Amino acid sequence: MASVSVSSRFIKAAREHYMSLSQGDKCQVTYIWIDGTGEGLRNKTRTLDTEPKSVENIPEWNFDGSSTSQSKDSDSDMYLIPVRMFRDPFTRDPNKLVLCEVLRYNRLPAETNHRTSCKKVMDQVKEHKIWFGIEQEYTLLGTDGHPFGWPQNGFPAPQGPYYCAVGTDKAIGRDIVECHYKACLYAGIKIFGTNAEVMPSQWEFQVGPCEGIEMGDELWVARFLLHRVCEDFGVIATLDPKPMKGNWNGSGAHTNVSTEQMREEGGLQYIEQAIERLSKRHMEHIKVYDAHGGQDNLRRLTGRHETSNVNEFSAGVANRAASIRIPRQVGQDKKGYFEDRRPAANCDPYLVTEAIARTCLLDDVEQVKGS
Ligand code: ADP
Ligand code: MN
Ligand code: MN
Ligand code: MN
């Protein structure tokens with residue numbers, strides 16, 4: 001088994017004593033934000049005198065952007081603007097987690113704050129009631145960076161028995177998955193489900209359906225919960241789109257999409273229309289579908305291991321080797337949703353959902369990015 005981290009070796013029973021101490025009327029609020037890498041999450045906690053009833057009751061705060069690759073020393077103060085509040089499953093009620101947008105000293109969005117522009121587009125397409133559901137795949141690693149539970153030297157048996165598996169030799173790290181699921185439910189995340197994935201120690205959870213801007217908010221906080229749960233077990237969750245080279249599946253963030261018209265009787269024609277529009281902007285989408293401008297997906301979208309080729313757009317019913325898949329049931333019902341299989345596990349869901357909403361629902365004249 002992989003080496004165990006320092007913090008997970010602390011006696012967790014001792015922690016229970018302190019956690020059960022009364023905290024009076026005070027409330028702990030943990031502010032969460034996306035750092036300058038566009039992938040990493042940061043957080044810090046403060047005390048409020050009373051429990052906030054909604055996010056509007058939580059004050060703005062700030063942090064040192066020069067320590068998160070978000071600013072230079074000379075203008076290092078960054079603003080934290082609370083946008084979504086959740087219950088804190090780690091220190092429990094009445095304590096809160098609050099997702100924040102980051103603004104620079106001049107109150108313009110930080111470079112990796114893609115929520116501002118996403119929100120603008122979602123407000124523009126509000127009447128379509130666009131829903132998203134994202135399947136977040138990830139891989140558990142030991143603190144040595146090797147997949148959790150893999151033999152120190154060599155490899156586990158080839159892929160085949162692991163997807164949706166049960167058994168000690170096949171489902172590696174289930175404790176983490178189950179604890180994360182509960183943590184999401186407690187927090188108030190719209191977690192849809194979980195399953196073991198094709199590569200050993202690879203798992204998936206889904207969030208959704210979420211309307212508009214909610215998708216990015218909920219997925220980022222669900223990722224925070226995952227990393228935090230992993231601390232308790234001394235393992236690491238990586239969203240690297242292709243953590244192991246060779247005959248091992250990579251990790252995606254399949255994005256399921258529907259508008260009100262698509263969900264209604266005869267909605268298939270609107271799904272086909274959306275796919276037609278997506279087909280014309282394939283490369284623009286690829287550029288925002290991973291954390292490195294399309295570079296990461298070059299490793300993952302090879303046309304093998306249930307992926308499409310990064311350079312080609314394709315679509316089909318029940319086709320897992322296509323860019324876009326129409327689920328078989330949707331093909332039969334002639335209504336429902338479609339699945340964009342291209343986003344990588346480390347994508348920013350704000351960028352992905354914004355690109356999809358723009359391409360499928362806005363006309364060219366409305367396409368001025370960041371205006
Ligand atoms: P797959 O068969 O591709 O593995 P999953 O069961 O893992 O699919 O995930 C299905 C996803 O589709 C979930 O995230 C769910 O929230 C989402 N979803 C279901 N219905 C809709 C809908 N009408 N619009 C958008 N997303 C939807
Ligand atoms: Mn899935
Ligand atoms: Mn999957
Ligand atoms: Mn899928």
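Please refer to the structure higher up on the page.
In this text, all values refer to a predicted model and were calculated from it rather than measured experimentally.

Enquirer: How do you make sense of the environment of Pro243 when you look at a structure like this?
Expert: Along the chain, Pro243 turns up in the loop between β9 (236-238) and β10 (255-258). Using a relative accessible area of 23% as the deciding quantity, one classes Pro243 as partly exposed. Here the alpha-carbon distance between Pro243 and Gly145, two residues 98 residues apart in the chain, equals 9.8 Å.

Enquirer: Explain the coordination of the manganese ion (ligand 3) here, please?
Expert: Six octahedral donors around a metal ideally subtend angles of 90 or 180 degrees, whereas four tetrahedral donors ideally subtend 109.5 degrees. Here the manganese ion (ligand 3) is held by the protein donor atoms Glu137 (OE), Glu197 (OE) and Glu204 (OE), which lie 2.1 to 2.2 Å from it. Separating the manganese ion (ligand 3) and the manganese ion (ligand 2) is a distance of 3.7 Å, and Glu204 donates to both of them. Separated by 60 residues along the polypeptide, Glu137 in strand β6 (residues 131-141) and Glu197 in the loop between β7 (191-196) and β8 (202-211) bring together distant segments of the chain. Overall, Glu137 belongs to the buried group, its relative accessible area being 9%.

Enquirer: Got a minute to help me understand the nonpolar core in this structure?
Expert: When a protein is soluble and globular, its nonpolar side chains tend to lie buried together. Counting residues in each nonpolar core, the largest one holds 67 residues, and the members touching the most others are Tyr138, Leu140, Ile189, Leu225 and Phe338. Sort the elements by how many residues they give to this core and helix α5 (residues 214-233) lands first, with 10 residues. Sequence-distant contacts of Ile189, that is, excluding residues within four places in its chain, are made with Phe86, Cys184, Val207, Glu218, Val221, Ala222 and Leu225. One finds Tyr31, Leu48, Cys100 and Ala110 within the second-largest nonpolar core, a separate group that totals 15 residues.

Calculation criteria
Residues numbered from 1 in each chain as written. Chains lettered and ligands numbered in written order. Predicted model: local features only at pLDDT ≥ 70, side-chain atom pairs only at ≥ 80, totals over all residues. Heavy atoms only, no water. Helix = DSSP H or I, 4+ residues; strand = E, 2+ residues; numbered from the N terminus. Buried < 20%, exposed > 50% of the residue type's maximum accessible area, 1.4 Å probe, protein only. Donors = N, O, S within 2.8 Å, 3.2 Å for Na, K, Ca; no water. Core = buried A, V, L, I, M, F, W, Y, C linked by side-chain atoms within 4.5 Å. Contact = heavy atoms within 4.5 Å.

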